[in-house]
Amino acid sequence: MQEFENKVVVITGGAAGIGFAMAKRFAAEGARLVLADINEDGVRQAADDLAAETGAEVLAVVTDVSKAESVQDLARATLDRFGAVDVLINNAGIGVSDSTWDTSIADWEFTLGVNVWGVIHGVRTFVPIMRERGEEAYVVNTASLAGLGTVPTLGAYCASKHAVVGLTEALHLELRVLESPVRAAVLCPSFVNTAIFSNSEKMRPSAGSDLEGNLALYDEFMKRGIGGGVEPGEIADLVLDGLRKNRFWLVPVAEDFAQSQTRVDEIVEGRNPEPGPIDELLAQLPELERPE
Ligand SMILES: NC(=O)c1ccc[n+]([C@@H]2O[C@H](COP(=O)([O-])OP(=O)(O)OC[C@H]3O[C@@H](n4cnc5c(N)ncnc54)[C@H](O)[C@@H]3O)[C@@H](O)[C@H]2O)c1
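Here's what I pulled together on the structure shown here. Quick caveat, the model's predicted, so the values are computed rather than measured.

Conventions we followed
- Residues numbered from 1 in each chain as written.
- Predicted model: local features only at pLDDT ≥ 70, side-chain atom pairs only at ≥ 80, totals over all residues.
- Heavy atoms only, no water.
- Helix = DSSP H or I, 4+ residues; strand = E, 2+ residues; numbered from the N terminus.
- Expected span 1.5 Å × (residues − 1).
- Buried < 20%, exposed > 50% of the residue type's maximum accessible area, 1.4 Å probe, protein only.
- Contact = heavy atoms within 4.5 Å.
- Axes fitted to C-alpha atoms, helices over the stretch in contact; angles between N-to-C directions.
- Parallel < 35°, antiparallel > 145°, perpendicular 65-115°, else oblique.
- Left-handed = near helix turned anticlockwise from the far one by under 90°.
- Nonpolar A, V, L, I, M, F, W, Y, C, P; charged D, E, K, R; others polar.
- Pairing = 2+ DSSP bridges.
- Right-handed = clockwise from strand over helix to strand, strands pointing away.
- Polar contact = N/O pair within 3.5 Å; in protein donor to acceptor, adjacent residues only side chain to side chain.

### Looking at helix H5 (residues 155-177)
Step number 1: End to end, H5 covers 33 Å across 23 residues, agreeing with the expected 33 Å (1.5 Å per residue, within 8%).
Step number 2: Every buried residue of H5 is listed here: Gly155, Ala156, Tyr157, Cys158, Ser160, Lys161, Val164, Val165, Thr168, Leu171, His172 and Leu175.
Step number 3: In the core, the buried residues of H5 are packed alongside helix H4 (105-133), strand S5 (137-142), strand S6 (182-187) and strand S7 (249-250).
Step number 4: Residue Glu179 follows H5 closely and has a positive phi angle near 50°.

### Description of the packing of helix H1 (residues 17-28) against helix H8 (residues 232-244)
Step number 1: Close contact between H1 and H8 brings their axes to 8 Å; oriented N to C, the two are set at 55°. Classified by the angle between their axes, H1 and H8 sit oblique to one another. The two elements H1 and H8 meet at a crossing, and its hand is right-handed. Within the contact between the two elements, H1 uses Gly17, Ile18, Ala21, Met22, Arg25 and Phe26 and H8 uses Pro232, Gly233, Ile235, Ala236, Asp237, Val239, Leu240 and Leu243.
Step number 2: Here the residues of the contact of H1 with H8 sort into ten nonpolar, two polar and two charged.

### Examining the pairing of strand S1 (residues 8-12)
Step number 1: A large share of S1 lies buried, amounting to five of its five residues.
Step number 2: As defined by bridge partners, S1 adjoins strand S2 (residues 32-37) across five bridges and the pair is classed as parallel. Bridged to Thr12 within S2 is Ala36.
Step number 3: Between the parallel pair S1 and S2, the chain is carried across by H1, and the sense of this crossover is right-handed.

### Notes on the side chain of Thr168
Step number 1: Tracing the backbone through its elements, the reader meets Thr168 in helix H5.
Step number 2: Residue classification places Thr168 among the buried residues on the basis of a relative accessible area of 0%.
Step number 3: In this structure the side chain of Thr168 is engaged in a polar contact, spanning 2.9 Å, whose partner is the side chain of Asn141.
Step number 4: Within the structure, Thr168 has its side chain in polar contact with the backbone oxygen of Val164 (distance 2.5 Å).
Step number 5: The residues touching Thr168, leaving out its near neighbours within four places in the chain, are Asn141, Ala184, Ala185, Val186 and Phe248.

Right under this line is the structure:
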């Protein structure tokens, strides 16, 4: 897909972070935007800011991606306003940490509900609309490097993101088998400097447990890593460039993939995964800003 002028781009989780950065990037190309987010005030404000800043046509739709009806309402609102959908970015996501055994049922359901069911509802609702139109279109699913590798204390998040990678690969292959003009891509960023953990904690249904021993260091590693991550605008540039090159894998930094490469080597060579030197990893990251 080369041109984005007047294209209709729907972004879930578009009120903040990576989603909002992608919206800005597509607006700069002349696209028309639909921002869908569960944060009602946030999505309206984001749409107003985006329209004022870029002059783009922007529609805000309050959406809970974990609910099929809500995603169907999003599709209806998009078609009512713009008549078509060219790009869907299933980007809404949350992340909470805990050991796999202490993660509450409510936290498992919360994580899989937003991160996996959100993408499933997006694909089930929008792909038939795109296929019926029969023109070039793109579905981008935001997974994570945690969908290609694994981190202690992020079992639910990793499970959800591995699922997104798997379902997006299947989607891509099915569309290729049918020689469809609709394409799929999966975005797998490493650390990106957003408020994902605090945003997720506000919506989290349970308090989580106290992490035992060195597991607490992995939680610290994730939080400090996010603070020291790349800016969301860099990810937006990568996505736009990837769509222009008809890419499936949108993986920001080649070095980030090293951990996943190690995982493949372990599988091939029959070695077991090892947790690695967490103290050394932490030493490379900025300190967390802690309240006084
Ligand atoms: N920040 C990172 O380091 C990082 C790394 C890899 C992948 N990701 C993924 O990128 C995506 C965006 O994350 P971010 O870092 O920009 O976080 P963010 O918290 O800044 O933005 C996520 C947005 O999704 C919205 N959202 C949450 N639940 C929703 C729901 N049920 N329905 C609709 N909207 C909902 C939030 O309100 C928020 O506006 C997520 O899928 C996340 O897993 C983030």
